[in-house]
Every structure is written in structure tokens, then in C-alpha cells.
Amino acid sequence: MKIVVALGGNALLKRGEPMTEAVQRGNIRTAAISLVALIASGHHLIITHGNGPQVGLIALQADAGPADGNYPLDVLGAESQGMLGYLIEQELRNLLPREALVASVLTQVVVSSDDNAFLHPTKPIGPVYDEAQAKSLMASKGWTCAPDGKNWRRVVASPEPVELLQLASIAALVDHGVIVICAGGGGVPVLRNAAGQLEGIEAVIDKDFTSQLLALHLKADMLLVLTDVDAVYANYGMPDAAAIARMGPNSAHSFAAGSMGPKVEAATRFAMATGRDAGIGRIEDATKIVQGTAGTIVQALDIGTQFRG
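Residue indices begin from 1 for each chain and proceed along its sequence in written order. In view of the model being predicted, local features appear only for residues whose pLDDT reaches at least 70, and side-chain atom pairs are presented and counted only at 80 or more, with totals across whole chains, interfaces and linings using the full set of residues. Values reported for side chains reflect all heavy atoms of the structure, with hydrogen atoms and water molecules removed beforehand.

To qualify as a helix, a DSSP run of H or I must reach at least 4 residues; to qualify as a strand, a run of E must reach at least 2; elements of each kind are numbered from the N terminus. A count of helical and extended segments in the protein chain gives nine helices and 17 strands. We take the radius of gyration over the C-alpha atoms and set the globule estimate at 2.2 Å times the residue count to the 0.38 power. Taking 19 Å as the expected radius of gyration for a compact globule of 309 residues, we find that the protein chain reaches 19 Å, a close match to that expectation. Oriented by its inertia axes, the alpha-carbon framework of the protein chain measures out at about 50 × 50 × 40 Å. Accessibility here uses a 1.4 Å probe with only protein chains present; expressed as a share of the type maximum, an area under 20% marks a residue as buried, one over 50% as exposed, and anything in between as partly exposed. Within the protein chain, the proportion of its 309 residues that are buried is 51%. Between two residues, a contact is recorded if the distance between any of their heavy atoms is within 4.5 Å. Taking as baseline every contact in the protein chain between residues at least 6 positions apart, the subset at least 24 positions apart corresponds to 75%. When the accessible surface of the protein chain is split by element, carbon and sulfur atoms take 53% of a total near 13500 Å². Under this rule, positive means Lys or Arg and negative means Asp or Glu; His and the chain ends count for nothing. Each charge is placed at NZ for Lys, CZ for Arg, CG for Asp and CD for Glu. For the protein chain, the distance from the average position of its 23 positive side-chain charges to the average position of its 30 negative side-chain charges is 5 Å. In this description, accessible areas are obtained by the Shrake-Rupley approach with a 1.4 Å probe, and a residue is regarded as covered only by the protein chains that are shown.

Turning to the domain arrangement of the protein chain, a few remarks are in order. Looking at the assigned domains, one finds that the protein chain contains domain 1 (1-111 + 164-208) and domain 2 (221-308). Throughout, the edges of the domains are those of an automatic or database domain assignment. Taking the mean C-alpha position of each, domain 1 and domain 2 sit 22 Å from one another. Opposite the 22 residues of domain 1 that make contact, domain 2 presents 17 residues. Buried area adds together the accessible area that both of two parts lose upon being put together, with accessible area traced by a 1.4 Å probe. When the two sides are added together, the surface that domain 1 and domain 2 hide from each other amounts to roughly 1600 Å², 60% of it contributed by carbon and sulfur. The salt bridge definition used is simple: a Lys or Arg side-chain nitrogen within 4 Å of an Asp or Glu carboxyl oxygen. On the surface where domain 1 and domain 2 come into contact, there are one salt bridge. Asp 208 is paired through a salt bridge with Lys 263; the nearest N and O atoms lie 3.7 Å apart. When contributions to the side of domain 1 that touches domain 2 are tallied by element, the ones reaching two or more residues are strand 1 (2-7), helix 1 (9-12), helix 2 (21-40) and helix 7 (207-217). Throughout, the ten residues Ala, Val, Leu, Ile, Met, Phe, Trp, Tyr, Cys and Pro are labelled nonpolar, Asp, Glu, Lys and Arg are labelled charged, and all others, Gly among them, are labelled polar. For the side of domain 1 that touches domain 2, the class distribution of residues is twelve nonpolar, five polar and five charged.

Attention shifts here to the packing of helix 2 against helix 4 (residues 73-95). To get an axis, a line is fitted to the C-alpha atoms, and for a helix only the part in contact is used. The angle between two axes follows their N-to-C directions and goes from 0 to 180 degrees. Contact geometry for helix 2 and helix 4: axes closest at 9 Å, N-to-C directions at 50°. Compared by their axis directions, helix 2 and helix 4 come out oblique. For the element pair helix 2 and helix 4, the recorded crossing hand is right-handed. On the side of helix 2, the interface is formed by Glu 21, Gln 24, Arg 25, Ile 28, Arg 29, Ala 32, Ile 33, Leu 35 and Val 36, while helix 4 contributes Met 83, Leu 84, Tyr 86, Leu 87, Ile 88, Gln 90, Glu 91, Leu 92 and Leu 95. Among the residues forming the contact of helix 2 with helix 4, the class breakdown is twelve nonpolar, two polar and four charged. For classification purposes, an angle smaller than 35 degrees is called roughly parallel, one larger than 145 roughly antiparallel, one from 65 to 115 roughly perpendicular, and anything else oblique. Whether a crossing is left-handed or right-handed is set by the direction in which the near helix is turned from the far one by less than a right angle, anticlockwise for left-handed and clockwise for right-handed.

A separate point is the packing of aromatic side chains. Stacked, edge-to-face and tilted are the three classes for Phe, Tyr and Trp ring pairs, Trp counted by its six-membered ring, which pair at centre distances within 6.5 Å; planes under 30 degrees apart are stacked, over 60 edge-to-face, the rest tilted. Applying the stated criterion across every chain yields a total of one aromatic pair. Directly above the ring of Phe 209 sits Arg 269, whose terminal nitrogen or CZ lies 4.3 Å from the centroid. Cation placement over rings: the criterion is NZ of Lys or CZ of Arg within 6 Å of the ring centroid and within 35° of the ring normal.

The next thing to look at is the pairing of strand 14 (residues 242-247). Note that strand 13 (residues 233-234) and strand 14 share two bridges and pair antiparallel. In the strand pairing of strand 14, Tyr 233 is matched with Ala 243. At least two DSSP bridges between two strands are required for those strands to pair. Alignment of strand 14 against strand 17 (residues 305-307), held across three bridges, turns out to be antiparallel. Residue Ile 244 lies in a different strand from strand 17, and its bridge partner there is Phe 307.

Here strand 9 (residues 179-182) shows no split at all, with Ile 179 and Ile 181 on one side and Val 180 and Cys 182 on the other all buried. Where strand 2 (residues 44-49) and strand 9 come together, two bridges link them in parallel fashion. Across the sheet, the residue bridging to Ile 46 is Val 180, located in strand 9. Of the pairings in the sheet, the one linking strand 3 (residues 102-105) to strand 9 comprises four bridges and is parallel in character. Counted as the bridge partner of Val 102 is Ile 179 from strand 9.

For a helix, the expected span equals 1.5 Å multiplied by the number of residues minus one. With twelve residues, helix 3 (residues 52-63) extends 17 Å from end C-alpha to end C-alpha; this agrees with the ideal 16 Å at 1.5 Å per step. Of all twelve residues in helix 3, nine are buried; the element is thus mostly enclosed. Contact partners of the buried residues in helix 3: helix 1, helix 2, helix 4, strand 5 (123-129) and strand 7 (151-156).

On to the packing of helix 3 against helix 4, then. Close contact between helix 3 and helix 4 brings their axes to 9 Å; oriented N to C, the two are set at 120°. On the basis of the axis angle, helix 3 is oblique to helix 4. As helix 3 packs across helix 4, the resulting crossing turns out to be right-handed. Across from Gln 54, Val 55, Ile 58 and Ala 59 in helix 3, the residues of helix 4 making contact are Leu 73, Leu 76, Gly 77, Glu 79, Ser 80, Met 83 and Leu 84.

Most often, soluble globular proteins have nonpolar side chains that are buried together. With 37 residues, the main nonpolar core has Ile 170, Cys 182, Leu 214 and Ile 280 as its most contacted residues. At the level of elements, helix 6 (167-175), strand 9, helix 7, strand 12 (222-227), strand 13, strand 14, helix 8 (260-274) and strand 15 (278-282) are the ones that each hand at least two residues to this core. Among the elements that take part in this core, helix 8 stands out by supplying five residues, more than any other. Taken domain by domain, the makeup of this core includes at least three residues from each of domain 1 (1-111 + 164-208) and domain 2 (221-308). Ignoring any residue separated from it by four or fewer positions in sequence, one finds Leu 214 in contact with Val 4, Ile 46, Thr 48, Leu 164, Leu 167, Ile 170 and Cys 182. Within the second largest apolar cluster, 31 residues are counted, among which are Ile 28, Val 36, Val 102 and Ala 294. Throughout this description, the term nonpolar core refers to a set of buried Ala, Val, Leu, Ile, Met, Phe, Trp, Tyr and Cys residues connected via side-chain atoms within 4.5 Å.

In C-alpha cells:
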């Protein structure tokens, strides 16, 4: 099958872990093992990835430098694409046969300046803070912060992707058998100005929505969203939390904006538009999710909600 695999930024740098290159490389190596297992099973992968923790870290590093060293989020997003694309590609190449074709594509994604997301930031980036730290940073830096589980994180605008500018190039590479790493961090967010020229915009696009759009255009057989949680849960974090095995588009569950919400929404959009399955679960369970024995499968049919025993 042709599968678009979306790697969560929080799975490549888990909450609370030291934000070091060695830690991220170790997590990416674990992801690469699962991805190569899928490739060895005969699947053709197009790999996207999040960048929430990474772009937030880069922003903090820039902020700690000279006063004129601050860069907008679109530039920092491009920087994170290069960093993570390099690490993912290298770890894949170390596991794949030498003749395997792998390429990382720096991807720009057009968004709309009228998107309501610019008025209501929801996308978590950077490290976690306790409530006191978050409120101090909001006061000193003018950030917007919001609860993220038991902690707090900075949140930024997350507009909907409208157009992938490198789509034709990505499709050509896929048609020639290349394993493509692209749309990192949802793509670098850009606008078309009144003259039709491209300009960067201060935002971070949700990689799940971009991955879903990419999967539709590439006519993928499956969208696979891999994260640091083993499945989608009803009542996540509560005593009665229950892992969902399969769910239809009308399952009556609410999921956190900026976290599991976009994953479920993107999976549902893909399933409804194509009639094909989307899967959500842990990176380590990638093959089992494709086989339907782990994670959560989102289907176009209104099957209700089926829980794991």
C-alpha cells in the first residue's frame, strides 16, 4: 500500500525528556525501525513529521541570543524541517539497503490570512511548564499559554493548510519509488500577498491536517498518524479512560484541540473523502496498526465506537 505516515513531534521528543540531539536521535532511530519494518512488508511510505517541541526549542534558543537574532516562526519552522528531515533520513538510510531512494523535501504550505486560527491560538510548541512558569512567560514575553495535560505550554496560531507548493515535486519522487520525507511541522506557513508573491507568516500548521491533504492528493491507501499514545482514548486521563479500537465519523467524543483533536479530525476527513482507513497509535506499533490489531482505526462507515478489550 501507499501510506502517508505522520510522525508526531511529541513522539520524537517526548514530554519531559531532555531536549537534546542525542535524545531526539534515539527516538527517531526507534521510529525508523518501525518504518523500515513497514517498508520491508512491501508498503511505500511518504513520511511527514511534527515539530511542536522542536520549533519551540529553536525559538527559545533564538530568543536567548542577540536582540536582533529573533526570527519569525516560518523561518524557524523551515529550520526545524531541515533538522528533523536530516535525522529521519539518516536513520532510515542506516537501516535500509544502500540502493534505497530517500529524499527530504523542504515544503511550503499556503494558508489563508483570514483563518480564524490567527485569533485563537491552539497549537502547543516548545517545552512544558508548570502553571507559575507559564504565567510568568505570558507576562514577560507576551506569549499565549494553555494547559497541556497536567502541564502548560506556549500555544500559537495553527491555520488550515490550503495548498502544498511542492506537491508536484513530491508526487514525481513518489512515482519514481523514492521514500519522501516532507511537510515537516505541517509545512512552512506562507501567504500570497496582493501581488501574488509569497510571504512567510507567524504560525505553525498542524502536521496532521497537512498530512491528510497530502494523502488525498497522492491517492494514498492509508493515512497513519503515529504519536506517543497507544490509541485514541475516550475520557483520556480520567479513571474511566478507554482505548478505542475502531470508530466511525459520527462517534460522539471530544478530543483536545492542538493534541488528539487534530489527529482524529484529520483521520476522519481522510476516511470520509476516500472510503479508506486511517490509523492512530504509537510509533512502535506501526505494523500492527496497519494490520488493524493495535491503535485506533478510523473508518468512513458509521460503525459507532468499538473499544479495546
